[in-house]
Amino acid sequence: MIKRLLAGALLLVSALTVRADLVVEITQGVDAPTPVAVVPFGWDGEVLSEDVAKIVSDDLGRSGFFSMMKRESMLSAPRSRDQVFFRDWRISGSDYLVIGRLQPATNGQITATVELYDVLKERQIWVETVNGNSNNLRDVAHYIADQIFQQITGIKGAFSTRIVYVTAEMLGKDKYRYRLQMADSDGARPRTILESKEPILSPTWSKDGSKLAYVSFESTRPSIYVQHLATGQRQRIQSFKGLNGAPAWSPQGDRLALVLSKDGNPEIYILTLATGQLERVTRHYGIDTEPTWAPDGESLLFTSDRGGMPQIYSLHLPTKNLKRITFEGKYNSRGRLTQDGRFLSMVHQDASGFHIAVQDLKTGRLDILTSTGLDESPTIAPNGSIILYATKKGGRGVLAGVSLDGRVRFTMPNTQGDVREPAWSPFLQ
Amino acid sequence: MRVSSAAKAISLALSVVWVVGCSSPSTLTEDGDLSSSANGSATTYGAGSGAGMSGSGSGSGMGGSVDVANLQTVFYFDFDTSSVRNDSIADLEAHAQYLATHPQASVRLEGHADERGTREYNMALGERRAQAVERFLAVNGVNGSQVESISFGEEKPAFMGSGEDSLSQNRRVELKYVAR
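Taking an unreviewed UniProt entry as the reference, chain B is identified by name as Peptidoglycan-associated lipoprotein belonging to Neptunomonas qingdaonensis. Quoted straight from UniProt, the Sequence similarities (unreviewed entry) entry for chain B says "Belongs to the Pal lipoprotein family." You can read under Subunit (unreviewed entry) in the UniProt record for chain B the words "The Tol-Pal system is composed of five core proteins: the inner membrane proteins TolA, TolQ and TolR, the periplasmic protein TolB and the outer membrane protein Pal. They form a network linking the inner and outer membranes and the peptidoglycan layer."

Per an unreviewed UniProt entry, chain A is named Tol-Pal system protein TolB, and its organism is Neptunomonas qingdaonensis. Here chain A is described in UniProt, under the heading Subcellular location (unreviewed entry), as follows: "Periplasm". Word for word, the UniProt comment on chain A under Sequence similarities (unreviewed entry) is "Belongs to the TolB family."

Structure, rendered in structure tokens:
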């Protein structure tokens, strides 16, 4: 049953833009980032709504892998190979050079032709012509950044992906405004997916990126909803007495792991979406929560305090074999795995507070990646390059990012309320 | 002492409950059936018993001297624990006695956690705290159908801020009398 809720407390908006973009501030990059120059792209028409070359340059710079040449330091602005003097770019220290030109095409389309050069070898590495229009130039730019990132690093770029997150504002005593927002991976183009006076949490993407599941308290008790992003249509799928929380989509997309306490205390269940069939997979009087799937869909990792304090366990579903995964420290919770299943990011408590840590499941080694004390909700970019998480800055909830090796860091300061509960999308088609 | 404070509590609470009852979505139909447009969570009591509560005249229960609202309604917890603290016991017992002697009254227990730790784990912790209070009430004679527990985890802090003061104020269960 599709349940459309249009009650006064609640506003479903599919295209309302809230001008509160998150801005990225890089606080630490790699020790020797590769210098790259992205020259402003040629364009002879009226001023465009977006500066494509700047978005490409900002994307690459935010990754921490590169140091981007400032435009005012550029001696020339070549649009094509015959205008490139490699010696100038070599002397100014650039290893790679990106040039391009935008041209009007039929039906109001715009084509972007972009070239990547290895400055030292004076050789073209990549060239591509991309079609777009004046309304999707940011998409064109993120796509170009993805290609360049992959050409230079060998890692698939994730700039074209999206993030969702929750903002919360306290408007007065017992008066709050919660919003579920979706934005580009760089925080631009935020859109409100759901607005409510009651808490929203635990947003999570379906594997194909077309749907979100989340927990909303709008009906006075926590319920799990599934919402289609394209249409805004949604369905309330679980609303038992007690907790209905922590939804996690299976890699195959056909099932949701979730937490219900209808039998007295929090247990992990698997809901088969097509049939509505519910299977309980944990049985313990302790807290079992925060399930996440292994990439093969055969195991669930979850937080449990069955050993006294919260630690992360792995449950192999076919055999029901249970294994404790984390041992370092007295509090490890809310695990998220990289797509290859090798690294587990989590919230880890030590003497100085709650940090984002990553454990190599092959070697067991645990690295604490952050030093701030109220870090939570880690979510990993689909290419495994960056963990986005929620932290506090100046008493306010903000998002921040750290690379899995801890070398790259950035924050996404905001001006309005608290930002929390980020969830990074999969690669989108 | 407890008995008398509870007795004092009773009479004013009656009026509290009645007032709430007026604005509730629960309605009593003419043939005595209780129909509810709410979420249907408290449906275990008979149709007849509701009549006296929400259907009687406006003067009911106004003769007493005390207010249940004078009892503590927010109960605090130590970090990462869900044990009812000693400083909560006296007032919780008073609430329990009131509820036990007034089967038409009901409460909603809202469990909360401070901001430390992960959100869904804190959701479970808030529920555990609400359940601890629910058990305390049950042990003291309150029928389970009079109590509904809900957890807000760390989502609705009483105070913003990360100092120990606001943290300890946020680890709480709020007891609220509700109409049903």
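**A few points about the overall build of chain B**
A tally of helices and strands in chain B yields 5 helices and 6 strands. Listing each helix as α and each strand as β along chain B from the N terminus yields α-β-β-α-β-α-β-α-β-α-β. Sorting the 180 residues of chain B into buried and exposed places 41% on the buried side. Counted over contacts in chain B with a minimum sequence separation of 6, partners at least 24 positions apart contribute 75%.

**Thoughts on the overall build of chain A**
Looking only at helices and strands, chain A features 3 helices and 30 strands. On C-alpha atoms alone, chain A measures out to a radius of gyration of 23 Å, which is about the 22 Å that the 2.2 N^0.38 rule sets for 429 residues. Counting only C-alpha atoms, chain A reaches 75 × 50 × 45 Å along its principal axes. Per-residue burial for chain A yields a buried fraction of 45% across its 429 residues. A sequence separation of at least 24 residues applies to 45% of the contacts in chain A between residues at least 6 apart.

**Observations concerning the sheet that holds strand 5 (residues 147-153) of chain B**
All names here are of chain B. Spatially, the 4 strands line up as an open sheet ordered 3-6-4-5, and their pairing is mixed. Strands with a single pairing partner mark the edges of an open sheet, and in this sheet they are strand 3 (74-76) and strand 5. Adjacent strand axes in the sheet meet at a mean angle of 20°, parallel and antiparallel pairs treated alike. Looking at chain direction, strand 4 (residues 106-112) and strand 6 (residues 172-178) are connected through 6 bridges and run antiparallel. Bridge pairing in strand 6 links Leu 109 to Leu 175. The sheet strands contacting helix 4 (residues 119-139) are strand 3, strand 4, strand 5 and strand 6, and the helix crosses strand 5 at an angle near 155°.

**Observations regarding the interface of chain B and chain A**
On the side of chain A, 31 residues touch chain B, which itself brings 20 residues to the contact. Elements supplying a minimum of two residues to the side of chain B that touches chain A: helix 4 and strand 5 of chain B. Ranked by residues supplied to the side of chain B that touches chain A, first place goes to helix 4 of chain B with 6 residues. Broken down by class, the residue content of the side of chain B that touches chain A amounts to 6 nonpolar, 7 polar and 7 charged.

**Some words on the nonpolar core**
With 111 residues, the main nonpolar core has Val 56 and Val 98 of chain A as its most contacted residues. For this core, the element with the most residues is helix 3 (residues 137-153) of chain A, which contributes 8 residues. Excluding residues within four positions of it along the chain, Val 56 of chain A makes contact with Val 38, Val 98, Ala 141, Ile 144, Ala 145 and Ile 148 of chain A. Residues Leu 92, Ala 130, Val 147 and Ile 150 of chain B belong to the second largest nonpolar core, which totals 22 residues.

**Structural notes on the sheet that holds strand 26 (residues 376-380) of chain A**
Residue and element names in this part refer to chain A. As summarised here, the arrangement of the 5 strands in space is 1-29-28-27-26, forming an open sheet in which the pairing is antiparallel. Where the open sheet ends on each side, the last strands, each with one partner, are strand 1 (25-28) and strand 26. Mean inter-strand twist for the sheet, computed between neighbouring axes without regard to direction, equals 30°. Judged from the 3 bridges that link them, strand 26 and strand 27 (residues 386-393) form a sheet pairing that is antiparallel. Paired with Ile 380 across the two strands is Ile 387, which belongs to strand 27.

**Observations regarding the environment of Tyr 389 of chain A**
Residues and elements named next belong to chain A. Mapping Tyr 389 onto the fold places it in strand 27. Overall, Tyr 389 belongs to the buried group, with 26 C-beta atoms counted inside 10 Å. As for Tyr 389 and Ala 32, which are separated by 357 residues in sequence, their C-alpha atoms are 25 Å apart. In this structure Tyr 389 touches Ile 356, Asp 375, Glu 376, Ser 377, Pro 378, Ala 400 and Pro 422, once residues within four positions along its chain are discounted.

**Quick notes on the confidence of the model for chain A**
Confidence in the prediction of chain A, expressed as mean pLDDT, is 92, and 95% of residues score 70 or more. Ignoring residues within four places in sequence, the model shows residues 1-19 of chain A, a span with pLDDT below 50, making 27 contacts including any to other chains.

Procedures and definitions
Residues numbered from 1 in each chain as written. Chains lettered and ligands numbered in written order. Predicted model: local features only at pLDDT ≥ 70, side-chain atom pairs only at ≥ 80, totals over all residues. UniProt positions renumbered as here; feature names shortened; annotations may be inferred. Helix = DSSP H or I, 4+ residues; strand = E, 2+ residues; numbered from the N terminus. Buried ≥ 20, exposed ≤ 12 C-beta atoms within 10 Å, placed from the backbone. Contact = placed C-beta atoms within 7 Å. Rg over C-alpha atoms; globule rule 2.2 N^0.38 Å. Pairing = 2+ DSSP bridges. Axes fitted to C-alpha atoms, helices over the stretch in contact; angles between N-to-C directions. Nonpolar A, V, L, I, M, F, W, Y, C, P; charged D, E, K, R; others polar. Core = buried A, V, L, I, M, F, W, Y, C linked by C-beta atoms within 7 Å. pLDDT = per-residue confidence, 0-100.

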